[in-house]
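Understanding the architecture of this molecule
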Amino acid sequence: VVHINAGVAGLVAAVVLGKRMGYGSENMSPYNLGLAVIGAALLWVGWFGFNAGSAVGAGARAGMAMLVTQVAACGAVLAWTVAEWMLKGKPSVLGAISGAVAGLVAITPAAGFVLPGSALVIGVVAGLAGFWGATALKHWCGYDDSLDAFGVHGICGIAGALLTGVFAYGPLSASASTPDGYGASMEQFMIQVYAVGAVFAYTAVATFILLKIVDAIVGLRVTDEDEREGLDVALHGERIG
């Protein structure tokens, strides 16, 4: 829910806000790849607390959640890197860290519900889906999503939510009230489908309304001059480097 919500909100915001000046004609690669790698590394470590910590205890289920988080992230890194290598002729560090985030996103709804083998499949699917979302889908649709919020978080959040219904292993979530746990089934898969659709629709409509309200009150875009100068300088009077 977290990542589908964020991804769809990012997509709607990108469409309503419009493209950056020079998008498609100027080099808009990351300013500092080293800082991006540090950020991804911090996310990767912090994600263990996010997924395993959701068990609210240091038991076997929390340990499994931590393990599958690592497995899925690694699988997604490899899948994204290989796909980029095959289609673009060379792998990239940016692609690798994007793949890591894609895998972490996709395993989040499944952590604590799937086994390591299934987590690897989810990770590989997420790496490929994220790469597609951040490249082909964005190009086809023509929106400017500078952080690939929808391509990585939205697409991989949807993939992870749906695959939870495919790979959920009942005994992992068994309890006194639900002795069989929540296992994979067509019924569970359809519940996941309904949930994805509901979050997608609600977030898209709510985000559009909020953006229009903000635009009417204070506006959404800075001036052309401020955009050319850069928002670090225009809004804060400083820049790195």
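Just above sits the structure.
**Observations regarding the packing of helix α1 (residues 2-17) against helix α7 (residues 186-217)**
- Put simply, α1 and α7 touch, their axes get as near as 9 Å, and they point 40° apart. Taken as axis vectors, α1 and α7 run oblique relative to one another. The interaxial crossing formed by α1 with α7 has right-handed handedness. Counting all contacts with α1, which are made through I4, N5, V8, A9, V12, A13 and V16, the residues of α7 involved are V196, V199, F200, T203, A204, T207, F208 and L211.
- For the contact of α1 with α7, a count of residues per class yields twelve nonpolar, three polar and no charged.

**Thoughts on the packing of aromatic side chains**
- One pass over the full model with this rule turns up four aromatic pairs.
- When the centroid spacing of 5.8 Å and the interplanar angle of 75° are considered together, the rings of W80 and F131 count as edge-to-face. In this pair, W80 sits in helix α3 (residues 60-88) while F131 sits in helix α5 (residues 116-141), placing the two residues 51 residues apart along the sequence.
- By relative accessible area, which is 4% here, W80 ends up buried.
- Under the relative-accessibility criterion, F131 is labelled buried at 6%.
- Directly above the ring of F113 sits R61, whose terminal nitrogen or CZ lies 4.6 Å from the centroid.

**So, the layout of surface pockets**
- The space that makes up the second largest pocket amounts to roughly 350 Å³.
- Contributing to the lining of the second largest pocket are 19 residues, with V1, P109, A161, T164 and Q192 lying nearest its centre.
- Those elements that place two or more of their residues in the lining of the second largest pocket are α1, α6 (149-167) and α7.
- With five residues, α7 is the single largest residue contributor to the lining of the second largest pocket.
- Each residue belonging to the lining of the second largest pocket can be placed in one class, and the counts come to 13 nonpolar, six polar and no charged.

**What about the packing of α3 against helix α4 (residues 93-107)?**
- Running from N to C, α3 and α4 point in directions that differ by 140°, and their axes come no closer than 7 Å. Of the possible angle classes, the one that applies to α3 and α4 is oblique. At the point where α3 passes α4, the crossing takes the right-handed sense. On the side of α3, the interface is formed by V68, T69, A72, A73, A76, V77, W80, T81 and E84, while α4 contributes G95, A96, S98, G99, A100, A102, G103, L104 and I107.
- Partitioned by chemical class, the residues of the contact of α3 with α4 number eleven nonpolar, six polar and one charged.

Calculation criteria
- Residues numbered from 1 in each chain as written.
- Predicted model: local features only at pLDDT ≥ 70, side-chain atom pairs only at ≥ 80, totals over all residues.
- Heavy atoms only, no water.
- Axes fitted to C-alpha atoms, helices over the stretch in contact; angles between N-to-C directions.
- Helix = DSSP H or I, 4+ residues; strand = E, 2+ residues; numbered from the N terminus.
- Parallel < 35°, antiparallel > 145°, perpendicular 65-115°, else oblique.
- Left-handed = near helix turned anticlockwise from the far one by under 90°.
- Contact = heavy atoms within 4.5 Å.
- Nonpolar A, V, L, I, M, F, W, Y, C, P; charged D, E, K, R; others polar.
- Phe/Tyr/Trp six-rings, centres within 6.5 Å; stacked < 30°, edge-to-face > 60°.
- Buried < 20%, exposed > 50% of the residue type's maximum accessible area, 1.4 Å probe, protein only.
- Lys NZ or Arg CZ within 6 Å of the ring centre and 35° of its normal.
- 1 Å grid on protein atoms, 1.4 Å probe; cavity = no way out; pocket = protein on both sides within 12 Å on 5 of 7 lines; lining within 4 Å.
- Points joined across faces, edges and corners; volume = space filled by probe spheres on them.

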